[in-house]
Amino acid sequence: MPPSPSEPLVVALVGTDHHPFERLVRWVDAWAGSGAVRVVIQHGSAHPPEHATGVGVLPADELASLLAGATAVVCHGGPGTIATVRAAGLRPIVVARDPLGKEHVDDHQQRFVAAAARAGDVIEAGDEGALRAALDAAVSDPSTQRIPPGAHDVTATVARFGRLVERVVTPSVDRPRVLFIAGWGRSGSTLLDRMLGQLPGVFSAGELRDIWQRGVRQDRLCGCGAAFSECDVWRKVGEVAFGGWGEIDIDQIQALRERLDRPWSVPLLLGSRVTPSIDADVARYVGVLTRLYDAIAEVSGARVIVDSSKIATFALLVRQVPSLDLRTVHLVRDPRGVVHSWRKAVVREDGGGRDAMLRYGAASASARYVAYNTVAHGMRLMGRYRFLRYEDLLAAPRDTVARLAAFAGIATPGDALAYLREGEADLQPNHTVDGNPMRLQQGPVALRRDDGWRTGLAPSDRRIVDAITAPLALAYGYRGHR
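Asks: Just checking my understanding: could you explain the pattern of salt bridges for this structure?
Replies: Pairs may arise between side chains of opposite charge once their charged atoms sit close together. All chains considered together, the criterion is met by 25 salt bridges. A salt bridge links Asp 251 to Arg 217, with the shortest nitrogen-to-oxygen separation between them at 2.4 Å. Residue Asp 251 is found in helix H10 (residues 250-260), and its partner Arg 217 is found in helix H8 (residues 211-217); the two are separated by 34 residues along the sequence. With a closest N to O distance of 3.2 Å, Asp 392 and Arg 389 form a salt bridge. Taking relative accessible area as the criterion, Asp 392 reaches 35% and is therefore assigned partly exposed.

Below is the structure:
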């Protein structure tokens, strides 16, 4: 029977899994023994509690009656149990089963609960202290456990949980994929990002390594034209990942990125770490990236996220996110065209004003071309890898995108590539967080080579480019390099 209105009731549910969940029963029972609250524990195959009321299995009508009168509910991480509790108007306190303790066959509950907690659907309790604190808070103010009327649509909850379950429980081959465009700037990565992003099931994210500076801190325009803080997609990503962008320590995250995401950090990111502090920093930043990419996958519903960050050290960090399948597209362009582009003044208008993008001289741009492309070559040893010349993309856009789609595991049925025509791409709005200013363009975009370097690059600069980049240029098939 439900308790009287003045008598708090805590219900604990371990579900029907045959693995005993002794830990949850023990923690809740110990809490029950230290207070005057009525506690009912459905303990399944675990030992019955000593202080609380114990029942092995709860019929549906008895469970519904208990939930109707409950002040708070503690449960395991089963999606069905969580959905049932939320349908009763309560946000459950959840203890995920741990396979290392033989409480389950794998870690899918831990991954599911972490994702549900980020979305605000549950209160995650990872240890006994956290559980006690959550229960004390619930009894002190029962209203904190209640979901506002109208905010717990059962159909929507089940659908959302279904998407989460599909993402965290399916085999690794079905993990969300990140198609990472590696290389060096001014090589066409933003254009390729957008061309791929219009395929079904693909989300074009732009240069995600700069989301902290360009998006969170500077609040520049999203590719859709809205400010980052006002874009519905990125606002929701922030809520799911961190409870809102305002909840993160942007200075700390930016400091981690600047310490780890540099060419000289490659040995550290490959596991040859020299100090515990570096190891801790890598783990901390990968944890942040895990929450970011998982939230993007959840909010967008995409199976493939295109990240045109280019710098391969960032890819080495992303590949450590356990929920992702990273695949690399190494994009290069004739170094003479790249250097000529870096020397030109390019104005960006995505920050509430007009400001110039960075410019590099011939020697500096050439040295970076060699350094960043050399590191990108190393991604061949880290997983699935494809090499692509920008000139070949422009010469055969539809065939090239189709091959990359197959590489990413995306089907291109019927007219899926109809937006790519000879010499032109019809580009729709996107949500790129940073990149070349062309990410803000919509509608028909000409696909043509920019060979302005032939007349715009001074002979002295061309000699510098040739001297520094010749080995890579020849290897990439730019035979007329000299």
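What follows picks up the thread again.
Asks: Mind showing me how you'd approach the packing of helix H14 (residues 335-343) against helix H15 (residues 362-377) here?
Replies: To characterise two packed helices, one gives the angle between the axes of the helices and the distance between these axes. Where H14 contacts H15, the axes come no closer than 9 Å and their chain directions differ by 130°. By the criterion of interaxial angle, the relationship of H14 to H15 is oblique. As H14 packs across H15, the resulting crossing turns out to be right-handed. Judged by residue contacts, Pro 335, Val 338, Val 339, Trp 342 and Arg 343 of H14 engage Ala 362, Ala 365, Ser 366 and Tyr 369 from H15. When its residues are assigned to classes, the contact of H14 with H15 shows seven nonpolar, one polar and one charged.

Asks: Would you mind going over the sheet that holds strand E5 (residues 93-94) with me for this structure?
Replies: Paired through their backbone hydrogen bonds, the strands of a sheet run either parallel or antiparallel. On the basis of which strands lie adjacent, the open sheet formed by six strands has the order E3-E2-E1-E4-E5-E6 and parallel pairing. Unpaired on one side and paired on the other, strand E3 (53-55) and strand E6 (123-124) mark the two borders of the sheet. Alignment of E5 against E6, held across two bridges, turns out to be parallel. Looking at E6, one finds that Ile 93 is bridged to Ile 123.

Asks: Can you walk me through the sheet that holds strand E16 (residues 443-446) in this structure?
Replies: In space, the three strands of this open sheet follow the order E14-E15-E16, with antiparallel pairing throughout. Looking at strand neighbours, the two that pair on one side only are strand E14 (420-421) and E16, the edges of this open sheet. Bridging between E14 and strand E15 (residues 424-427) involves two bridges; their strand directions are antiparallel. Looking at the pairing, Leu 420 lines up with Ala 425 of E15.

Asks: Teacher, can you tell me more about helix H12 (residues 276-300) here?
Replies: One turn of the α-helix equals 3.6 residues, which is why residues spaced by three or four share an orientation. Taking 1.5 Å of rise per residue, 25 residues should cover 36 Å, and H12 covers 36 Å from first to last C-alpha, within 8% of that figure. Looking at the residues trailing H12, positive phi occurs at Gly 301, about 70°.

Asks: Which parts of the structure should I look at to understand the environment of Gly 126?
Replies: Assignment of secondary structure puts Gly 126 in the loop between E6 and helix H5 (128-140). In the structure, Gly 126 is positioned 32 residues away from Val 94 in sequence and 8.3 Å away in space, judged by C-alpha atoms. Once residues lying within four places of it in the same chain are set aside, the contact partners of Gly 126 are Arg 23 and Trp 27.

Asks: How do you make sense of unusual backbone geometry when you look at a structure like this?
Replies: We note that Arg 186 has phi near 65°; this positive angle belongs to a residue other than glycine. Relative to the assigned elements, Arg 186 resides in the loop between strand E7 (177-183) and helix H7 (189-197). By relative accessible area, Arg 186 is classed as buried at 10%. Even without a glycine there, the phi angle at Lys 310 is positive, about 75°.

Asks: Where do I start with the side chain of Asp 261 in this structure?
Replies: Mapped onto the elements of the fold, Asp 261 is located in the loop between H10 and helix H11 (266-269). Exposure remark for Asp 261: the relative accessible area of 1% places this residue in the buried category. A polar contact is formed between the side chain of Asp 261 and the side chain of Arg 209, at a distance of 2.8 Å. A distance of 2.6 Å separates polar atoms of two side chains, one belonging to Asp 261 and the other to Thr 313. Not counting the four nearest positions on each side in its chain, Asp 261 is found in contact with Arg 209, Ile 311, Thr 313, Phe 314 and Leu 317.

Asks: How should I be thinking about H10 in this particular structure?
Replies: Of all the positions in H10, only Ile 250, Ile 253, Gln 254, Leu 256, Arg 257 and Leu 260 are classed as buried. One side of H10 holds all its buried residues, which, seen down the axis, span an arc of 155°. Contacts made by the buried residues of H10 are with H8, H11, H12 and helix H13 (312-318).

What counts, and at which threshold
- Here the residue numbering is sequential within each chain, running from 1 through the sequence in written order.
- Two thresholds apply to this predicted model, a pLDDT of at least 70 for residue-level local features and 80 or more for giving and counting side-chain atom pairs, whereas whole-chain, interface and lining totals are computed over all residues.
- The basis for every side-chain value is the complete set of heavy atoms in the structure, and neither hydrogens nor water enter the calculation.
- By convention in these notes, a salt bridge is any Lys or Arg side-chain nitrogen within 4 Å of a carboxyl oxygen on Asp or Glu.
- Secondary structure counts use DSSP, requiring at least four H or I residues in a row for a helix and at least two E residues in a row for a strand, with both numbered from the N terminus.
- Only protein chains enter the accessibility calculation, which uses a 1.4 Å probe; a residue is then buried when its area is under 20% of its type maximum, exposed when over 50%, and partly exposed in between.
- Note on method: axes are straight lines fitted to C-alpha atoms, helices fitted across the in-contact stretch only, with angles between N-to-C directions ranging 0 to 180 degrees.
- Any angle that is under 35 degrees is reported as roughly parallel, and any over 145 degrees as roughly antiparallel; angles of 65 to 115 degrees are reported as roughly perpendicular and all others as oblique.
- It is the rotation of the near helix from the far one that decides the hand of a crossing: anticlockwise by less than a right angle makes it left-handed, clockwise makes it right-handed.
- In what follows, a contact means two residues having at least one pair of non-hydrogen atoms within 4.5 Å.
- Side-chain classes are defined by residue name, with Ala, Val, Leu, Ile, Met, Phe, Trp, Tyr, Cys and Pro counting as nonpolar, Asp, Glu, Lys and Arg as charged, and the others, Gly among them, as polar.
- For two strands to be treated as a pair, DSSP must find at least two bridges joining them.
- One less than the number of residues in a helix, times 1.5 Å, gives the span that helix is expected to have.
- Any pair of N or O atoms that falls within 3.5 Å is considered a polar contact. Within protein, one atom must be able to donate a hydrogen and the other to accept it, and sequence-neighbouring residues count only if both atoms are side-chain atoms.
- Think of the arc as the fan of directions from the helix axis to the C-beta atoms.

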